[in-house]
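Reading the structure
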Amino acid sequence: MKTDIEPTSTSAGSPPQVSARSTGRAGDKIFLGLSRGSGIALLVIMAAIAGFLAYRASIAISKDEANFLTAFEWSTGSTPMRFGIAVLAYGTVVSSIIAMVIAVPIAVGIALFISHYAPRRLATPVAYVIDLLAAVPSIVYGLWGALFLVPHLTPLYTWMDKYLGWTGVLSYQGGAARSLFTVGILLAIMILPIVTSVSREVFRQVPKMHEEAALALGATRWEVVRMSVLPFGRSGIISASMLGLGRALGETMAVATVLSPSYLINVSLLDPGGGTFAQNIASHFKEANDNGRDALIASGLVLFVITLLVNGAARMIIARRKEYSGTAA
Amino acid sequence: MPGLLSSAHPSLRTTTSRAVPTGGFWKESPKVKLQRNNRLRAIAAGALALSGAFVLTACGSDNNTGGGGAASTGNIKCDGKGQLLASGSSAQKNAMDLWTKNYGAACKDVKLNYKATGSGAGIQEWLQGKTAFAGSDSALKPEEVASSKKMCKGGQGINLPMVGGPIAIGFNVPGVDKLTLDAETLGKIFNSDIKTWDDPAIKKLNPGVKLPSLKIQAFHRSDESGTTDNFTKYLKAAAPKAWPHEPGKAWEGKGGQSADGSSGVSSQVKQVSGAISYFELSYATANSIKTVDLDTGASQPVKATVENASKAISEAKPKGTGKDQALDLAYDTKAAGAYPITLVTYEIACDKGNKAGTLKAAKSFLNYAASKDGQSALKELGYAPLPDAIAAKVRESISSLS
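Definitions and limits used
- Residues numbered from 1 in each chain as written.
- Chains lettered and ligands numbered in written order.
- Predicted model: local features only at pLDDT ≥ 70, side-chain atom pairs only at ≥ 80, totals over all residues.
- Heavy atoms only, no water.
- Helix = DSSP H or I, 4+ residues; strand = E, 2+ residues; numbered from the N terminus.
- Buried < 20%, exposed > 50% of the residue type's maximum accessible area, 1.4 Å probe, protein only.
- Contact = heavy atoms within 4.5 Å.
- Areas by Shrake-Rupley, 256 points an atom, 1.4 Å probe, with all protein chains shown as cover.
- Core = buried A, V, L, I, M, F, W, Y, C linked by side-chain atoms within 4.5 Å.
- UniProt positions renumbered as here; feature names shortened; annotations may be inferred.
- Disulfide = S-S within 2.5 Å.
- Domains from an automatic or database assignment.
- Buried area = accessible area lost by both parts, 1.4 Å probe.
- Salt bridge = Lys/Arg side-chain N within 4 Å of Asp/Glu carboxyl O.
- Polar contact = N/O pair within 3.5 Å; in protein donor to acceptor, adjacent residues only side chain to side chain.
- Phe/Tyr/Trp six-rings, centres within 6.5 Å; stacked < 30°, edge-to-face > 60°.
- pLDDT = per-residue confidence, 0-100.
- Pairing = 2+ DSSP bridges.
- Right-handed = clockwise from strand over helix to strand, strands pointing away.

A word on the overall build of chain A. Summing up its helical and strand segments, chain A has 11 helices and two strands in all. For chain A, the succession of helices and strands along the chain, N to C, is α-α-β-β-α-α-α-α-α-α-α-α-α. Principal-axis analysis of the C-alpha atoms places the extent of chain A at approximately 75 × 55 × 35 Å. With 329 residues in all, chain A has 47% of them scored as buried. Contacts in chain A between residues far apart in sequence, at least 24 positions, make up 73% of those at least 6 positions apart. Counting every atom, chain A has about 15700 Å² of accessible surface; 68% of that belongs to carbon and sulfur.

Residues B:W99, B:F133, B:F190 and B:I276 are the most contacted members of the largest nonpolar core, which totals 105 residues. Sequence-distant contacts of B:I276, that is, excluding residues within four places in its chain, are made with B:I169, B:G170, B:F171, B:L181, B:I189, B:F190, B:W197, B:I216, B:Q217, B:A218, B:F219 and B:V269. Ranked by size, the runner-up nonpolar core spans 77 residues in total, among them A:F68, A:I85, A:F203 and A:A298.

The subject of this paragraph is the UniProt feature "transmembrane region" (unreviewed entry) in chain A. All names here are of chain A. The positions UniProt marks with the feature "transmembrane region" (unreviewed entry) are residues 39–61, 81–114, 126–150, 170–195, 236–259 and 295–314. Secondary structure content for residues 126–150 is 84% helix and 0% strand, while the C-alpha to C-alpha distance between its ends is 27 Å. Taken end to end, residues 295–314 is 100% helix and 0% strand, and its two terminal C-alpha atoms sit 29 Å from one another.

So, about the state of the cysteines. All names here are of chain B. By the definition in use, this model includes two disulfides over all chains. The partner cysteine of C78 in its disulfide is C107, sulfur to sulfur 1.9 Å. Disulfide C78-C107: the torsion about the S-S bond is -85 degrees, which places it as left-handed. One end of the pair, C78, is in the loop between α3 (32–60) and β1 (82–88); the other, C107, is in the loop between α4 (93–106) and β2 (110–115), and 29 residues separate them in sequence.

In this section: the domain arrangement of chain A. Residue and element names in this part refer to chain A. Its domain assignment divides chain A into domain 1 (1–62) and domain 2 (84–328). At the interface, 14 residues of domain 1 touch 12 residues of domain 2. In total, about 1100 Å² of surface goes out of reach between domain 1 and domain 2, with carbon and sulfur atoms giving 75% of it. Scanning the region where domain 1 abuts domain 2 turns up one salt bridge. Between R56 and D294 there is a salt bridge, with its nearest N and O atoms 2.6 Å apart. On inspection of domain 1 and its partner domain 2, the count reaches one residue pair in polar contact (both at pLDDT 80 or more).

Within the structure shown, the criterion is met by 14 salt bridges over all chains. The partner of B:D177 in a salt bridge is B:K290, and the shortest N-O contact between them spans 3.6 Å. Taken together, the residues span a long stretch of sequence, with B:D177 in the loop between β4 (157–172) and β5 (180–182) and B:K290 in strand β9 (residues 290–291) at a distance of 113 residues. When salt bridges that share partners are traced, they join A:D131, A:R200, A:E201 and A:R204 into one network.

A word on the packing of aromatic side chains. Residue and element names in this part refer to chain A. Considering all chains together, one arrives at 15 aromatic pairs over all chains under this definition. For the pair W74 and F83, a centre-to-centre distance of 5.1 Å together with 55 degrees between the ring planes defines the contact as tilted. With respect to burial, W74 and F83 carry one shared label: buried. With 5.8 Å between their ring centres and 25 degrees between their planes, W144 and F148 make a pair best called stacked.

On to the UniProt feature "domain: ABC transmembrane type-1" (unreviewed entry) in chain A, then. Sequence positions flagged by UniProt for "domain: ABC transmembrane type-1" (unreviewed entry) are, in local numbering, residues 89–314 of chain A. End-to-end, the C-alpha atoms of residues 89–314 of chain A are 19 Å apart, and along that stretch the chain is 77% helix and 0% strand.

Moving on: the confidence of the model for chain A. Should the pLDDT be low somewhere, the predicted coordinates at that spot are not to be read in detail. Residues and elements named next belong to chain A. Averaged over all residues, the pLDDT of chain A is 86; the fraction at 70 or higher stands at 90%. Per-element averaging of pLDDT across chain A places helix α1 (residues 9–13) at the bottom with 46 and helix α3 (residues 86–117) at the top with 94. Under a pLDDT of 50 for its full length, residues 1–13 has, in the predicted model, 17 contacts with residues more than four places off or in other chains. Low pLDDT, under 50, characterises residues 324–329; the stretch is placed with eight contacts to residues that sit more than four places away or in other chains.

Let us look at the pairing of β4(B). All names here are of chain B. The buried count for β4 comes to 15 of 16 residues, which makes it a mostly enclosed element. Note that β4 and strand β13 (residues 342–350) share nine bridges and pair antiparallel. The residue of β13 that forms the bridge with P161 is Y346. Pairing of β4 with strand β8 (residues 275–280), which is carried by six bridges, proceeds in the antiparallel orientation. The residue of β8 that forms the bridge with A168 is F279. Bridge analysis of β4 against β9 gives two bridges, and the strand direction is antiparallel. Bridging across to β9, G170 finds its partner in T291.

What follows covers the pairing of strand β6 (residues 217–221) of chain B. Each regular strand carries side chains that alternate between the two faces of the sheet. All names here are of chain B. A large share of β6 lies buried, amounting to five of its five residues. Where β6 and strand β7 (residues 257–259) come together, three bridges link them in parallel fashion. Counterpart to H220 in the pairing with β7 is S258. You can see the chain leave β6, run along helix α9 (residues 226–238) and come back into β7, and the turn it takes is right-handed.

Dropping the structure here:
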């Protein structure tokens, strides 16, 4: 992301040397070929993945004795296979939503702090620490979650149960706090860096003119942020969130380490149970037979489709917002 | 994803060549020098945070790696040379590591490489002809035997029992050091039909033990595993009423919580008060978790020990034909001192038509593994040596491999 904001010093600095170093058209052609090739390669790879998933999934689904979309079970070891993705779809979506609800406001806050509030000597180290969080492997997050976060969440959940238990959604029956909510918290920490750093870059791009205009009208610092920075950065925040959501939807090892999976949907988010697509694949892949693998691939196809839908929705929102964002700088 | 990003906001692609001087109170224009100074400090802070994370992970790592057993290389007969590839069951990984070390010390010409990929993947790779033999937690299924005929020219895949081990039931109940359960109560506990530790059924088996009125937290494996397979086979065979589910690698029981891998469930038992779960004995020993004594109907409750598991294996009946030595474990045995929740893992090879290049080396290695030395070396790792009668038959099968 840093590379995008290189100052274009070459055009201003050196004098034009067109006649002296003409390279002809060969370079153009090679470059065109290379970039076109990369574009085509990307499409071919995507199509190959989709084709493979669809083919293997169709084999599995044709052997499925239960309803693939609504069944609450996953038994692929014996010959009449019975499996369904309802629990996995629910768990994946719910844990990702929890992660987004926690992470996005915090990330926007950190990004604003770094770009507009903190003194430079504080902002830079904070930004680096956030970027470093992105470099921690997910299995390390998982181990940290299972060994540190889970035991320490139990008192919080007991407290939540006491005051919010009547909602049903936040009731807690005791036991290890290895629930979808815990997964959401862990995922929130994991997607924080990407959302923060993208938002930060966008906030840095806010035209000085906008901010100064707001200041000239007598706006306070918060009003400047509200009137010029946030509206300008809105589509950037959305795309940052979508990048984070992509990671949350597909996170595997951390979820598999922290969650206590089951093929039931609990009303309560705090009680153990549920599962996600990626976690389910990781848990079953090693010991699965051929049929079991195809079933897992079928669930992978659903995740693929969900991810495509989410990305498509994000693009639509961004396309709609673009005209209002005032990027005339 | 990058496409999404760059199309997201046109300004991301624009450059900061805006020449407007900053007049605001927050200093916006990037100051390269200052950044460089701060970079070191930031890296140091980050390193600090990271090392904190590593310390945390180190606390939880399990200590189950194959111990430094003294290599007894006396009776190993070397044969063949080159690389010997095998893969499969992770339950026998520690045994394989020890054997590989001992065998490698004696036979420098053969390089054995056993990858603990899981039984399913191991059988798959062997069927594709990538490995000389596979390790598996359960005997070949009929359809797997059928497809092995393609790989074994003129023969088929056979099961050679090689590594046995007790599956311990570990518990964490404050104030309780000794607990006796039978198959019926175990089935009900793991099927969420018995919910508290002071349930009358548990009290009846443990006269004189003060059981707290604590919720039972039964943990099972969230991943598919041969341990689950063997444990549920035991429940189904010994208590069909309390355990109505089909045995299998994936958990079919009602309710309960789960965790990933034997290390996952054993660390849950250690952490959570009121927890109970099943895992290989070595995990209980390494984490000093107390284990359940089984009331099998014998005069005395049976402890989960290596010797008692060997005794249960000797009660097993052969179910294979010809060179196949697959065992039918006696899960409902009432023999004194036989611990019936036992796992036997197999090596799987062709009876005829093994790959010529690795046949000699494979025979020599498997012969060592099934030998007295090979088997007795396993005890300290928490595995149960095969009873002599069975080991002798296995060695017979191995020497006839072709």
